[in-house]
Amino acid sequence: MRRGGTADGLGSRFRRPAAAARGGSPGSGSPGKGAAGAGQGPRRRSEIGEVIFEFWPAGRYVKVSAMHPRTLTEVSIVGDATRSQSELEELALQKLRYVLARQPR
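Residues numbered from 1 in each chain as written. Predicted model: local features only at pLDDT ≥ 70, side-chain atom pairs only at ≥ 80, totals over all residues. Heavy atoms only, no water.

**Side note on the overall build of the protein**
From N to C terminus, the protein includes 2 helices and 4 strands. In the protein, the succession of helices and strands from N to C terminus is α-β-β-β-β-α. Counting only contacts in the protein whose residues sit at least 6 apart along the sequence, the fraction spanning at least 24 positions is 32%. Carbon and sulfur atoms make up 51% of the accessible area of the protein, which amounts to about 6,800 Å² in all. (Helix = DSSP H or I, 4+ residues; strand = E, 2+ residues; numbered from the N terminus. Contact = heavy atoms within 4.5 Å. Areas by Shrake-Rupley, 256 points an atom, 1.4 Å probe, with all protein chains shown as cover.)

**Describing unusual backbone geometry**
One non-glycine residue, leucine 72, adopts positive backbone phi at about 60°. Here leucine 72 shows up in the loop between β3 (61–68) and β4 (73–80). Relative accessible area serves as the criterion here: at 65%, leucine 72 is assigned to the exposed category. (Buried < 20%, exposed > 50% of the residue type's maximum accessible area, 1.4 Å probe, protein only.)

**Digging into the pattern of salt bridges**
For the structure shown, the criterion picks out 3 salt bridges. Salt-bridge contacts for glutamate 47 lead to arginine 97; the nearest nitrogen and oxygen are separated by 2.3 Å. Linking glutamate 47 in the loop between β1 (43–46) and β2 (49–58) with arginine 97 in helix α2 (residues 85–102), this pair joins segments that are 50 residues apart in sequence. With a relative accessible area of 58%, glutamate 47 lands in the exposed category. Residue classification places arginine 97 among the partly exposed positions, given a relative accessible area of 26%. A salt bridge links arginine 97 to glutamate 90, with the shortest nitrogen-to-oxygen separation between them at 3.6 Å. The partly exposed category is assigned to glutamate 90, whose relative accessible area is 30%. Taken together, the shared-partner salt bridges connect Glu47, Glu90 and Arg97 into one network. (Salt bridge = Lys/Arg side-chain N within 4 Å of Asp/Glu carboxyl O.)

**With respect to the sheet that holds β4**
Ordered in space as β1-β2-β3-β4, the 4 strands form an open sheet in which the pairing is antiparallel. The open sheet terminates on both sides in strands that have one partner only, identified here as β1 and β4. For this sheet the average axis-to-axis angle between neighbouring strands, irrespective of direction, equals 30°. Note that β1 and β2 share 4 bridges and pair antiparallel. For arginine 43, the partnering residue across the bridge sits in β2 and is isoleucine 52. (Pairing = 2+ DSSP bridges. Axes fitted to C-alpha atoms, helices over the stretch in contact; angles between N-to-C directions.)

**As for the environment of glutamate 87**
By the element assignment, glutamate 87 lies in helix α2. Among the polar contacts listed, one links the side chain of glutamate 87 to the backbone nitrogen of serine 84, at a separation of 3.0 Å. (Polar contact = N/O pair within 3.5 Å; in protein donor to acceptor, adjacent residues only side chain to side chain.)

**Looking at the nonpolar core**
Core analysis: the largest hydrophobic core is formed by 15 residues, its most contacted members being Val51, Phe53, Val64, Ala66 and Leu96. Elements supplying a minimum of two residues to this core: β2, β3, β4 and α2. Broken down by element, the residue count for this core peaks at 5 residues, all from α2. (Core = buried A, V, L, I, M, F, W, Y, C linked by side-chain atoms within 4.5 Å.)

So this is what it looks like as structure tokens:
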């Protein structure tokens, strides 16, 4: 039995970037590129500057990565897929703020 409402079984709430759906690495569609390129998530301005988010659904959970391009700092969280995108973004942003505050200047 197929779960969710889409052909990939992930449901309509979160969708994989096109590169991941083709079997490539997360991000650009070619191995080893990471978050650079076409698969970048939504960008958001905050008090720490620009932050890039990526969402990777995995069954009942979603991995959320938040990257601060200016310092090249990236953090990840795993959250419940039933939570809203804004709640998951806020949690990842809190962790990113924490990590940036602990870094030596």
